[in-house]
Amino acid sequence: MPERYSEPTERASTQFDGSSPAAERLTPTQDRQWATMAHFGAILGCIPSAVIYYIYRDRGPFTAQESREALNFTFPLTVVALLCNLLTLIPVIGGFFAVIAVAVWVGLTVNGLVAGLEANRGRPYRYRFNLRLFK
(Lines give C-alpha, C1' and ligand atoms only; values in the text may rest on other atoms or scores of the structure.)
Protein backbone atom coordinates (compact mmCIF):
# COMPACT_ATOMS: atom_id res chain seq x y z
CA MET A 1 0.00 0.00 0.00
CA PRO A 2 1.49 3.44 -0.94
CA GLU A 3 2.41 5.78 1.85
CA ARG A 4 0.42 8.94 2.15
CA TYR A 5 2.18 12.28 2.11
CA SER A 6 1.87 14.04 5.42
CA GLU A 7 2.26 17.76 5.94
CA PRO A 8 5.15 18.80 8.17
CA THR A 9 4.03 19.94 11.54
CA GLU A 10 6.59 22.77 11.74
CA ARG A 11 6.43 25.79 9.54
CA ALA A 12 9.39 26.07 7.16
CA SER A 13 11.68 28.98 7.81
CA THR A 14 11.92 31.58 5.04
CA GLN A 15 15.57 32.11 5.85
CA PHE A 16 18.26 29.58 5.03
CA ASP A 17 20.19 28.04 7.88
CA GLY A 18 23.38 29.96 8.55
CA SER A 19 22.42 33.02 6.50
CA SER A 20 21.99 36.44 7.98
CA PRO A 21 19.30 38.94 7.00
CA ALA A 22 21.85 41.78 6.69
CA ALA A 23 24.29 42.00 3.80
CA GLU A 24 27.96 41.74 4.68
CA ARG A 25 30.07 44.86 4.93
CA LEU A 26 32.50 45.49 2.10
CA THR A 27 36.19 45.13 2.74
CA PRO A 28 38.23 48.31 2.20
CA THR A 29 39.43 46.96 -1.15
CA GLN A 30 35.91 46.10 -2.29
CA ASP A 31 34.66 49.45 -1.04
CA ARG A 32 37.24 51.25 -3.17
CA GLN A 33 36.50 49.01 -6.19
CA TRP A 34 32.76 49.68 -6.18
CA ALA A 35 33.33 53.41 -5.70
CA THR A 36 35.67 53.35 -8.71
CA MET A 37 33.16 51.44 -10.81
CA ALA A 38 30.42 53.93 -9.94
CA HIS A 39 32.53 56.71 -11.50
CA PHE A 40 33.76 54.64 -14.47
CA GLY A 41 30.14 53.77 -15.22
CA ALA A 42 29.58 57.36 -16.38
CA ILE A 43 30.43 56.17 -19.88
CA LEU A 44 26.99 54.49 -19.84
CA GLY A 45 25.15 57.36 -18.17
CA CYS A 46 23.53 57.31 -14.75
CA ILE A 47 22.39 53.67 -14.65
CA PRO A 48 25.63 52.09 -13.29
CA SER A 49 26.06 54.65 -10.50
CA ALA A 50 22.35 54.37 -9.57
CA VAL A 51 22.52 50.57 -9.37
CA ILE A 52 25.72 50.66 -7.31
CA TYR A 53 24.32 53.35 -5.02
CA TYR A 54 21.08 51.51 -4.30
CA ILE A 55 22.71 48.09 -3.80
CA TYR A 56 25.92 48.99 -1.94
CA ARG A 57 25.16 52.22 -0.09
CA ASP A 58 24.59 50.44 3.24
CA ARG A 59 27.56 48.12 2.85
CA GLY A 60 30.48 50.54 2.48
CA PRO A 61 30.85 54.22 3.42
CA PHE A 62 33.25 55.12 0.59
CA THR A 63 31.05 53.41 -2.00
CA ALA A 64 27.98 55.21 -0.64
CA GLN A 65 29.69 58.59 -0.79
CA GLU A 66 31.27 58.16 -4.23
CA SER A 67 28.33 56.45 -5.92
CA ARG A 68 26.03 59.23 -4.67
CA GLU A 69 28.47 61.81 -6.04
CA ALA A 70 28.61 59.99 -9.38
CA LEU A 71 24.82 59.65 -9.50
CA ASN A 72 24.34 63.35 -8.77
CA PHE A 73 26.74 64.20 -11.58
CA THR A 74 25.53 61.75 -14.22
CA PHE A 75 21.76 61.91 -13.75
CA PRO A 76 21.11 65.46 -15.06
CA LEU A 77 23.59 65.04 -17.90
CA THR A 78 22.06 61.72 -18.91
CA VAL A 79 18.66 63.39 -19.10
CA VAL A 80 20.14 66.22 -21.23
CA ALA A 81 21.85 63.71 -23.53
CA LEU A 82 18.62 61.74 -23.98
CA LEU A 83 16.67 64.90 -24.78
CA CYS A 84 19.32 66.01 -27.26
CA ASN A 85 19.21 62.59 -28.92
CA LEU A 86 15.44 62.93 -29.30
CA LEU A 87 15.81 66.45 -30.71
CA THR A 88 18.23 65.18 -33.37
CA LEU A 89 15.15 63.86 -35.17
CA ILE A 90 14.03 67.42 -35.96
CA PRO A 91 15.00 68.31 -39.53
CA VAL A 92 17.42 71.21 -40.13
CA ILE A 93 18.42 71.76 -36.46
CA GLY A 94 18.88 68.09 -35.54
CA GLY A 95 22.62 68.23 -36.33
CA PHE A 96 23.12 70.92 -33.71
CA PHE A 97 21.57 68.72 -31.02
CA ALA A 98 23.64 65.75 -32.19
CA VAL A 99 26.81 67.75 -31.56
CA ILE A 100 25.55 68.71 -28.09
CA ALA A 101 24.67 65.07 -27.29
CA VAL A 102 28.18 63.93 -28.29
CA ALA A 103 29.77 66.74 -26.25
CA VAL A 104 27.72 65.75 -23.19
CA TRP A 105 28.73 62.09 -23.60
CA VAL A 106 32.41 63.02 -23.96
CA GLY A 107 32.16 65.24 -20.87
CA LEU A 108 30.55 62.44 -18.87
CA THR A 109 33.21 59.97 -19.98
CA VAL A 110 36.23 62.18 -19.29
CA ASN A 111 34.97 63.37 -15.91
CA GLY A 112 34.00 59.81 -14.93
CA LEU A 113 37.48 58.53 -15.80
CA VAL A 114 39.20 61.26 -13.80
CA ALA A 115 36.91 60.67 -10.81
CA GLY A 116 37.32 56.90 -11.08
CA LEU A 117 41.11 57.16 -11.02
CA GLU A 118 40.94 59.32 -7.90
CA ALA A 119 38.50 56.95 -6.20
CA ASN A 120 40.76 54.01 -7.07
CA ARG A 121 43.54 55.75 -5.15
CA GLY A 122 41.19 55.98 -2.16
CA ARG A 123 40.66 59.73 -2.44
CA PRO A 124 37.14 61.18 -2.41
CA TYR A 125 36.29 63.11 -5.59
CA ARG A 126 34.00 66.12 -5.91
CA TYR A 127 32.88 67.18 -9.37
CA ARG A 128 33.27 70.91 -10.03
CA PHE A 129 29.72 71.38 -11.25
CA ASN A 130 27.30 69.03 -9.58
CA LEU A 131 23.67 69.23 -8.60
CA ARG A 132 23.12 67.55 -5.25
CA LEU A 133 19.78 65.93 -6.10
CA PHE A 134 20.28 62.68 -4.17
CA LYS A 135 21.15 62.98 -0.49
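For the structure itself, consult the block above.
**Q** Got a sec to walk through the packing of aromatic side chains? Specific residues and values, please.
**A** Tallying each qualifying case throughout the model produces 5 aromatic pairs. Grouped by ring-pair contacts, the aromatic residues F73, Y125 and Y127 constitute a single cluster.

**Q** Break down the nonpolar core for me, with residues and values.
**A** Counting 12 residues, the largest nonpolar core is built from L26, A38, I52, Y56, A70, F73, A81, V104, L108, A115, Y125 and Y127. For this core, the secondary-structure elements that each account for two or more residues are helix 2 (47-56), helix 3 (61-87) and helix 4 (94-120).

**Q** Explain a nonpolar patch on the surface to me, and be specific about the residues and the numbers.
**A** The grouping of I43, L44, V102, W105, V106, V110 and V114 at the surface amounts to a nonpolar patch, some 640 Å² of accessible area in total. Take W105: it is sitting in helix 4.

**Q** Provide a residue-level description of helix 1 (residues 28-40), including the pertinent values.
**A** End to end, helix 1 covers 18 Å across 13 residues, agreeing with the expected 18 Å (1.5 Å per residue, within 8%). Burial in helix 1 covers these residues: D31, A35, T36, A38 and H39. Take helix 1 and look down its axis: the buried residues cluster within an arc of 155 degrees, on one side only. Against helix 2, helix 3 and helix 4 lie the buried residues of helix 1.

**Q** Please set out the packing of helix 2 against helix 3 residue by residue, giving values where relevant.
**A** Put simply, helix 2 and helix 3 touch, their axes get as near as 8 Å, and they point 150 degrees apart. Taken as a pair, helix 2 and helix 3 cross one another with a handedness that is left-handed. Contacts between helix 2 and helix 3 involve S49, A50, I52, Y53 and Y56 from the former and T63, A64, S67, R68, A70, L71 and T74 from the latter. Its residues placed into classes, the contact of helix 2 with helix 3 shows 7 nonpolar, 4 polar and 1 charged.

**Q** Residue-level account of the pattern of salt bridges, with values.
**A** Considering all chains together, one arrives at 3 salt bridges under this definition. E69 is paired through a salt bridge with R126; the nearest N and O atoms lie 3.9 Å apart. Pair noted here: E69 is in helix 3 and R126 is in the segment after helix 4, with a separation of 57 residues, a long-range link. In this structure, the salt-bridge partner of R123 is E118, at a minimum N-O distance of 3.1 Å. Residue class for R123 comes out partly exposed when judged on its relative accessible area of 45%. E118 sits in the buried class, given a relative accessible area of 19%.

Reading the values: rules and limits
Residues numbered from 1 in each chain as written. Predicted model: local features only at pLDDT ≥ 70, side-chain atom pairs only at ≥ 80, totals over all residues. Heavy atoms only, no water. Phe/Tyr/Trp six-rings, centres within 6.5 Å; stacked < 30°, edge-to-face > 60°. Core = buried A, V, L, I, M, F, W, Y, C linked by side-chain atoms within 4.5 Å. Buried < 20%, exposed > 50% of the residue type's maximum accessible area, 1.4 Å probe, protein only. Helix = DSSP H or I, 4+ residues; strand = E, 2+ residues; numbered from the N terminus. Patch = residues over 30% accessible without salt bridge, like charges linked within 9 Å, V, L, I, M, F, W, Y side chains within 5 Å. Areas by Shrake-Rupley, 256 points an atom, 1.4 Å probe, with all protein chains shown as cover. Salt bridge = Lys/Arg side-chain N within 4 Å of Asp/Glu carboxyl O. Expected span 1.5 Å × (residues − 1). Arc of directions from axis to C-beta. Contact = heavy atoms within 4.5 Å. Axes fitted to C-alpha atoms, helices over the stretch in contact; angles between N-to-C directions. Left-handed = near helix turned anticlockwise from the far one by under 90°. Nonpolar A, V, L, I, M, F, W, Y, C, P; charged D, E, K, R; others polar.

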